[in-house]
Amino acid sequence: MHGSRTPTEEEKKTSAEYRKKRKQNKIGLDLMAKMTGYDYHYLSHVESGYDPASLSFVEEYDRVIDYINAGCQKNKRKRKNIKKSS
């Protein structure tokens, strides 16, 4: 066991959802670690369901995902407004 207690089945499902969100947004685990300030190995253990996620982990993870999504939406709007040169 890696953490102080074994995660519940619900926590394991939630952890899998966080991994899925990260991968859907094409964010590498190393970048997520840098952006959240959490250790790469801790993130890996939480995403794998070995360690339970803390409240601060969930808040930081969501903050980074929201930040990435906001940037993607902003860039998408910019590209839409760019006229092709003839």
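Relevant structure appears above.
Heads up: these notes are all about the structure in this document. Worth saying up front: this structure is predicted, and the values here are computed from it rather than measured. Each residue is numbered by its place in its chain's sequence as written, counting from 1. Thresholds applied to this predicted model are a pLDDT of at least 70 for local features of residues and 80 or more for the giving and counting of side-chain atom pairs; totals over whole chains, interfaces and linings are not thresholded and use all residues. Side-chain measures here rest on the full set of heavy atoms in the structure, leaving out hydrogens and waters.

### Topic: the nonpolar core
And step 1. If you look at the biggest cluster of nonpolar residues, it comprises twelve residues: Tyr18, Ile27, Leu29, Met32, Ala33, Leu43, Val46, Phe57, Tyr61, Val64, Ile65 and Ile68.
And step 2. Every element with two or more residues in this core is listed here: helix 2 (29-36), helix 3 (40-48) and helix 4 (55-81).
And step 3. Each helix corresponds to a stretch of at least 4 residues labelled H or I by DSSP, and each strand to a stretch of at least 2 residues labelled E; elements are numbered beginning at the N terminus. Tallying contributions element by element places helix 4 first for this core, with five residues.
And step 4. In this view, Tyr18 contacts Glu47, Val58, Tyr61 and Asp62; residues no more than four positions away in its chain are not counted. The definition of a nonpolar core used throughout is a set of buried Ala, Val, Leu, Ile, Met, Phe, Trp, Tyr and Cys residues joined through side-chain atoms within 4.5 Å. Think of it in three bands: residues with accessible area under 20% of the maximum for their type are buried, residues over 50% are exposed, and the middle band is partly exposed, with areas taken using a 1.4 Å probe on protein chains only. Contacts between residues were defined by any pair of non-hydrogen atoms, one from each residue, lying within 4.5 Å.

### Remarks on the side chain of Ser15
And step 1. For Ser15, the position within the fold is in helix 1 (residues 9-24).
And step 2. For Ser15, the side chain forms a polar contact with the main-chain oxygen of Val46, separated by 2.8 Å.
And step 3. Excluding its chain neighbours within four sequence positions, the residues that come into contact with Ser15 are Val46, Glu47, Gly49 and Asp51. Identification of polar contacts relies on pairs of N or O atoms within 3.5 Å, with a donor-acceptor requirement for protein atoms, meaning one able to donate a hydrogen and the other able to accept it, and with residues adjacent in sequence counted only if both atoms are side-chain atoms.

### So, helix 1
And step 1. Its 16 residues place the ends of helix 1 23 Å apart at the C-alpha level, agreeing with the 22 Å of an ideal helix rising 1.5 Å per residue.
And step 2. Taken residue by residue, helix 1 has Ser15, Tyr18 and Arg22 as its buried positions. Down the axis, helix 1 shows its buried residues gathered within 55° of arc, on one side only. Away from its buried face, by an angle of more than 90 degrees, helix 1 presents the exposed residues Glu9, Glu10, Lys13, Lys20, Lys23 and Gln24.
And step 3. Backbone geometry just downstream of helix 1 places Lys26 in the positive-phi region, at approximately 55°. Residue count minus one, scaled by 1.5 Å, sets the expected span of a helix. Within this analysis, the arc is defined by the directions that extend from the helix axis to the C-beta atoms.

Coordinates in, geometry out; function isn't part of it.
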